[in-house]
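# Chain and residue survey
Here's the letter readout for the chains.
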Amino acid sequence: MNKSVLSVTRILLLLLLAFTSIAAQEKWSEQQARDWYAKQSWLVGANYNPASAINQLEMWQADSFDPKRIDLELGWAEGLGMNTMRVFLHDLLWQQDSEGFKRRLDQFLTIAARHKIKPMFVLFDSVWDPDAKLGKQRAPRPGVHNSGWVQSPNRTTLQDPAAVPHLESYVKGVVGAFARDQRILAWDIWNEPDNENHGSYNQLEPKNKVELVTALLPRAFAWAREAKAEQPLTSGVWKGDWSTPEKMTVMDRLQIDLSDVITFHNYDSPTEFEKRINWLTRYNRPLICTEYMARGNGSFFFGSMPVGKVHNVGMINWGFVQGKTQTHLPWDSWQRPYIDREPAVWFHEVFRNDGTPYMVEEVEFIRRMTGKTRKAANYINKHGSIRVRSVFIRA
């Protein structure tokens with residue numbers, strides 16, 4: 001029995017190495033990645049889902065796709081000087097209506113381009129509800145952060161070897177349809193692939209989830225490369241110690257090894273944020289922070305954006321407009337729902353549902369940092385050092 005288990009383990013490891021090698025064959029060189037990044041303006045944006053949608057499925061399904069709302073909200077983003085948005089897709093949308101899905105993607109890209117925004121599309125996501133289903137999505141759970149977001153693939157698909165051709169068709173179909181589309185910034189292959197959702201849905205997760213995703217990730221990269229994507233591919237590291245390869249997890253190293261440009265998440269103080277940037281510079285590739293800004297956790301625009309600007313790191317915060325995702329509420333709302341009260345300070349989001357800024361000073365700061373106002377940002381001096389003024393939060 002032990003010999004059999006060892007043999008299976010060896011086979012799986014060999015397959016993983018083989019797929020990793022295949023996926024990395026066409027990985028951009030360091031110089032190619034740096035040349036691409038040099039052509040971009042400083043990247044600033046948000047993780048985007050319209051206020052009218054609780055998750056990716058509600059955003060993109062034909063019955064609930066809301067181009068008027070998207071156009072309105074991306075206009076607010078343009079007004080801040082944002083030039084990118086990170087937008088989540090879902091494999092079930094391809095299964096449901098591949099041609100219609102491509103038309104809606106094209107419509108979204110047309111709207112985004114009108115507002116001078118080049119989105120980064122996320123193909124897979126391991127965070128929140130593992131039981132995604134097509135059709136009408138449930139209403140938000142009162143007082144709870146991101147109560148309706150769903151994983152892609154769902155746990156049934158993830159555990160079914162027979163579903164791999166569907167996932168391959170989805171990646172090749174979507175990426176292939178837009179592989180040369182200059183309106184797209186990049187492809188984020190898998191969001192937080194080894195997130196096991198402790199504190200929310202962990203009891204529903206497959207016990208071997210991380211192993212399953214570790215095997216699928218290099219295949220997903222390989223499928224995107226086979227589709228001849230001209231945009232860079234990436235998957236962002238998001239937890240743990242990245243100071244040396246030895247301290248990184250297998251998943252961390254895999255994500256870095258497969259990525260054309262390096263992306264990462266950090267919801268901590270400016271000091272911690274800068275430390276993580278310094279850890280990742282050894283890869284000699286462009287850096288983009290694809291998730292940050294959690295006010296209640298000490299991560300603010302005022303602190304993180306100047307650090308990103310100094311180090312030429314792209315900055316994509318979580319949350320844009322208060323809506324059905326309810327991510328203005330903190331993570332701890334899963335344990336203590338905010339049913340009868342507002343949090344003392346919003347966790348995420350920049351605008352209220354009607355377009356009013358949550359914090360006027362914050363919006364003006366973003367506009368100064370992006371150069372949208374004529375007044376130069378006074379947070380970075382000519383030597384590249386950082387001055388961060390005191391920030392007072394009003395409840």
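Residues numbered from 1 in each chain as written. Predicted model: local features only at pLDDT ≥ 70, side-chain atom pairs only at ≥ 80, totals over all residues. Heavy atoms only, no water.

### Let's talk about the sheet that holds strand β1 (residues 44–48)
- With parallel pairing, the 8 strands of this open sheet are ordered in space as β5-β4-β3-β2-β1-β8-β7-β6. Pairing within the sheet leaves two strands with one partner each, and these edge strands are β5 (233–234) and β6 (262–265).
- Where β6 lies against strand β7 (residues 287–291), 4 bridges are found, and the strand directions are parallel. Considered in β7, the bridge of I262 is made with L287. (Pairing = 2+ DSSP bridges. Helix = DSSP H or I, 4+ residues; strand = E, 2+ residues; numbered from the N terminus.)

### Describing helix α10 (residues 270–280)
- The set of residues buried in α10 consists of E272, F273, R276, I277, W279 and L280. All buried residues of α10 project into a common sector of 160° when viewed along the axis, lining one side.
- Against α9 (250–258), β6, β7, α11 (301–310) and β8 (314–318) lie the buried residues of α10. (Buried < 20%, exposed > 50% of the residue type's maximum accessible area, 1.4 Å probe, protein only. Arc of directions from axis to C-beta. Contact = heavy atoms within 4.5 Å.)

### Section: the pairing of strand β2 (residues 84–88)
- Of all 5 residues in β2, 5 are buried, a share of seventy percent or more.
- Of the two faces of β2, the one carrying T84, R86 and F88 and the one carrying M85 and V87 are both buried.
- Pairing of β1 with β2 involves 4 bridges; the strand directions are parallel. Residue pairing across strands places Y48 opposite V87, the latter belonging to β2.

### So, the nonpolar core
- Core analysis: the largest hydrophobic core is formed by 93 residues, its most contacted members being W60, W187 and F320.
- Here the element with the most residues in this core is helix α5 (residues 91–114); it accounts for 9 residues.
- Other than its neighbours up to four places away in sequence, W60 contacts F65, V87, F88, L89, L93, F101, R104, L105, F108 and F121. (Core = buried A, V, L, I, M, F, W, Y, C linked by side-chain atoms within 4.5 Å.)

### Some details on the pattern of salt bridges
- Taken as a whole, this structure holds 25 salt bridges when the rule is applied.
- Between E99 and K102 there is a salt bridge whose closest N-O contact spans 3.1 Å. Here E99 and its partner K102 are both found in helix α5, 3 residues apart, which amounts to about one turn of the helix.
- A salt bridge links D131 to R155; the nearest nitrogen and oxygen atoms lie 2.6 Å apart. In this pair, D131 sits in the loop between β3 (120–125) and α6 (155–158) while R155 sits in helix α6, placing the two residues 24 residues apart along the sequence.
- Residue class for R155 comes out partly exposed when judged on its relative accessible area of 25%.
- One connected set of salt bridges, linked through shared partners, spans R86, D188 and E291. (Salt bridge = Lys/Arg side-chain N within 4 Å of Asp/Glu carboxyl O.)

Everything listed here is a matter of coordinates, which is why it stays silent on function.
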